[in-house]
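# Survey of secondary and tertiary structure
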Amino acid sequence: DIQMTQSPSSLSASIGDRVTITCQASQDISNYLNWYQQKPGKAPKLLIYDASNLQTGVPSRFSGSGSGTDFTFTISSLQPQDIATYYCQQYDNVPITFGPGTKVDIK
Amino acid sequence: EVQLVESGGGLVQPGGSLRLTCAASGFTSSSYSMNWVRQAPGKGLEWLSYISGNSYNIYYADSVKGRFTISRDNAKNSLYLQMNSLRAEDTAVYYCARSQSSNGWGSNWFDPWGQGTLVAVSS
């Protein structure tokens, strides 16, 4: 199975700050990497697919990059509504696996 | 509006069975592969199973292989998860989620997701 790690596991930042989350795969997954946002009590929401493609309707302050084993997710200017847990997910191989999540809150 | 709605969750004793249903609307069900994903209380996301649009390709996570069965009825725009031999560790919110491909493995980003249904396994 492909193991996904994320760092940090949690972070606190101020409104307007640039926030960066990294995701690492245990083997090369090309660009088969997606990012989701999950708010408490809600279903996850797709933000980024195939490492760098912004899902329709998602604000442009969200972005993703990377390929192979190392990926980055960025919020360019943190907003109050961005408080959530963020997960990466690979689909290069079965089983599909998610990272453990990064919890983002306001400092 | 594209929408997924899960049902069928509830409290079940260890060793028991449940069948979850995911009702799809707003799109042609047979044109998309579908998945089940769960989230234990306070934990992360765990993918469980995938079924292609024509039901020819089915995959499971090792944690549920042999106990859970995914199926679909495209005429009813419905996805199912039959869960047998349930254990306490199966307690979770269960989500259905749509992939973007029809029958090939690619484009497995999940959008949309249902609202989830809670399964609690306890005596």
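Residues numbered from 1 in each chain as written. Chains lettered and ligands numbered in written order. Predicted model: local features only at pLDDT ≥ 70, side-chain atom pairs only at ≥ 80, totals over all residues. Heavy atoms only, no water.

## So, the side chain of Ser 29 of chain B
All names here are of chain B.
- By the secondary structure assignment, Ser 29 is in the loop between strand E3 (18–25) and strand E4 (34–39).
- Taking relative accessible area as the criterion, Ser 29 reaches 5% and is therefore assigned buried.
- Within the structure, Ser 29 has its side chain in polar contact with the side chain of Asn 74 (distance 3.3 Å).
- Residue contacts for Ser 29: discarding those within four places in its chain leaves Arg 72, Asn 74 and Asn 77. (Helix = DSSP H or I, 4+ residues; strand = E, 2+ residues; numbered from the N terminus. Buried < 20%, exposed > 50% of the residue type's maximum accessible area, 1.4 Å probe, protein only. Polar contact = N/O pair within 3.5 Å; in protein donor to acceptor, adjacent residues only side chain to side chain. Contact = heavy atoms within 4.5 Å.)

## Quick look at the state of the cysteines
- Evaluation of the coordinates by the stated rule reveals 2 disulfides over all chains.
- Through a disulfide, Cys 23 of chain A is tied to Cys 88 of chain A; the S-S separation comes to 2.1 Å. A torsion of 75° about the S-S bond marks the disulfide between Cys 23 of chain A and Cys 88 of chain A as right-handed. Residue Cys 23 of chain A is found in strand E3 (residues 19–25), and its partner Cys 88 of chain A is found in strand E9 (residues 84–90); the two are separated by 65 residues along the sequence. In this pair, the class of Cys 23 of chain A matches that of Cys 88 of chain A, namely buried.
- Across a sulfur-sulfur distance of 2.1 Å, Cys 22 of chain B and Cys 96 of chain B are joined as a disulfide pair. Taking the torsion about the S-S bond as the criterion, the Cys 22 of chain B to Cys 96 of chain B disulfide, at about 65°, is right-handed. You can see Cys 22 of chain B sitting in strand E3 and its partner Cys 96 of chain B sitting in strand E9 (residues 92–98), a full 74 residues away along the chain. Grouping residues by exposure puts Cys 22 of chain B and Cys 96 of chain B together as buried. (Disulfide = S-S within 2.5 Å.)

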